[in-house]
Each structure stands twice: as structure tokens, then as C-alpha cells.
Amino acid sequence: MTLSALLFDKDGTLFDFAMTWNGWAKAMLTDLAAGDDQRLSAMAAAVRYDLATAAFRPDSLVIAGTNDEVAEVLAPHVPHMDRVTLADYLIRTAAEAELAQAVPLAPYLAALRTGGLKLGVMTNDGEHSARRHLTRSGVYDHFHMVIGADSGYGAKPDPEPLLAFCAAQGVRPEETAMVGDSRHDLIAGRAAGMRTIGVLTGMASAEDLAPLADVVLPNIGHIPDWLAAGDQPA
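The structure displayed is predicted, hence computed values, not measured ones.

Asks: So what's going on with the pattern of salt bridges? Which residues, and what values?
Replies: When their charged atoms lie close together, side chains carrying opposite charge are able to pair. With the rule as written, the count across this model stands at eleven salt bridges. Close ionic contact of D50 with R57 constitutes a salt bridge, the shortest N to O distance being 3.4 Å. Residue class for D50 comes out buried when judged on its relative accessible area of 18%. Judged by relative accessible area, which is 33%, R57 ranks as partly exposed. A cluster of three or more residues bridged by salt bridges with shared partners is formed by D9, K156 and D185.

Pasting the structure below:
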């Protein structure tokens, strides 16, 4: 089966998860705690963030969750903000996070488009943050479509946002690969009838991803070689 499109997750896939989000989380939690160490510890526990190592634990909700889900678990510890205000705060601060590209994205994506592939992003982050991150990285225009959890199609592991990409771009799900670093990504891809590519620039191990993936690669930079080995673009 040839591929006509690649649909990428964002965090942990286009951007290295730990290198991008561990530092943001420490600053965000510290800011919300406002000097209250007990509150800081409670919030860190709620999102499974290890304050001693300044890193998310592999089972953190933040890895594959939406902004609303993160706001919901933090809200009981942030009495000075309602949940909507807290979700907006997460979106605004996340949009300006220090980004660590998994590979140099501009030449990589340009080469994929030159090869005839349609490219998209489907993230459980908000659409505003996704567009901001891609624009700041100079690659927004390389994508045919960018979908967030708040774009109106649902969130992963629901396949609906993936199928919306296919419908909008005129490609069949079986000619599309979902590329992601989490089980949510790959479950959604399988449910949509897509090929699934796991990458190890997130928090999941190869063992976590392998049962749901057609292939598990170190990072997205290895996809062209995988395509050349037998999955040429149409």
C-alpha cells in the first residue's frame, strides 16, 4: 500500500516532549503555586510531575491529554482561578514554551511535500497553541491542515479528527499514516483505518508502542527511509 498523506501528532513527535515540556511545567507549576510549597507539591502530584528531577513521569495525563483535562486536575489546587481561566492560562503559557524540534523541521517537511505527500497535524493540544508553535518554528505553511482538540472534531484516541483530515484533504485513511509518540495516537490511527508509525521522542517506550504500530522509529527523521523501503508516496 502506497501512502498519500502523513498526519503528525505534535508534542513528542514534531517536538521532543521532555526537552520542550519539562521546563515549561516547572515554570508553570511554580507560578501557579505562588510561593506555597504545599500547593506546588499537590499540583505536581496531580499531573505526575517529579519536582526532584524536573520531569514528567511516563504516566502523566499531560503527555496525551487535552488542556481542559489538565485544567480539571489542577483546578482544585488553584482556588484563585476558575477552570476556564486556568485552561486559558495553560494555553497562553504553552504557546510560548521553548520548543525542541525532533529534527530540523523546515527542510524535513519541505522534502516530504516535494515527494508528493499531504501533511497534517492532529494534536490534543489546543489549535491556537499548535498554530503558534508551528508558526514560531517556521513550518506552519508546510502543513495542509492543523487540527487541535478544540477544533470541533474531538480528541484522540477518538478517530474522528483523523478522519476529518482525510475528508478535507481528499485522501483515504488506508493511504494515510498517523505518526505519534503515544498509545493514544496509535489507537486513534488504528481506529481510523490508517497505517501507524510510532516514534520514541515522547515518553513511551518501543514496547509500549509496538503492539499498535506498523513500525516504531527513533524519530520522524527515519520515516523517509521507511517509505523508500516499500511505502512510496502515490
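On we go from here.
Asks: Got a sec to walk through the side chain of D9? Specific residues and values, please.
Replies: On the secondary structure map, D9 appears in the loop between β1 (5-8) and α1 (17-33). Among the polar contacts made by the side chain of D9, one reaches the side chain of K156 at a distance of 2.8 Å. Sequence-distant contacts of D9, that is, excluding residues within four places in its chain, are made with L14, M122, T123, K156, M178, V179, G180, D181 and D185.

Asks: I'd like a description of the environment of N67, backed by residues and values.
Replies: Checked against the element boundaries, N67 lands in helix α3 (residues 67-74). Sequence-wise, N67 and I91 are 24 residues apart; in three dimensions their C-alpha atoms are separated by 7.0 Å. For N67, the contacting residues outside a window of four places in its chain are L90, I91, N124, D125 and G126.

The rules we used
Residues numbered from 1 in each chain as written. Predicted model: local features only at pLDDT ≥ 70, side-chain atom pairs only at ≥ 80, totals over all residues. Heavy atoms only, no water. Salt bridge = Lys/Arg side-chain N within 4 Å of Asp/Glu carboxyl O. Buried < 20%, exposed > 50% of the residue type's maximum accessible area, 1.4 Å probe, protein only. Helix = DSSP H or I, 4+ residues; strand = E, 2+ residues; numbered from the N terminus. Polar contact = N/O pair within 3.5 Å; in protein donor to acceptor, adjacent residues only side chain to side chain. Contact = heavy atoms within 4.5 Å.

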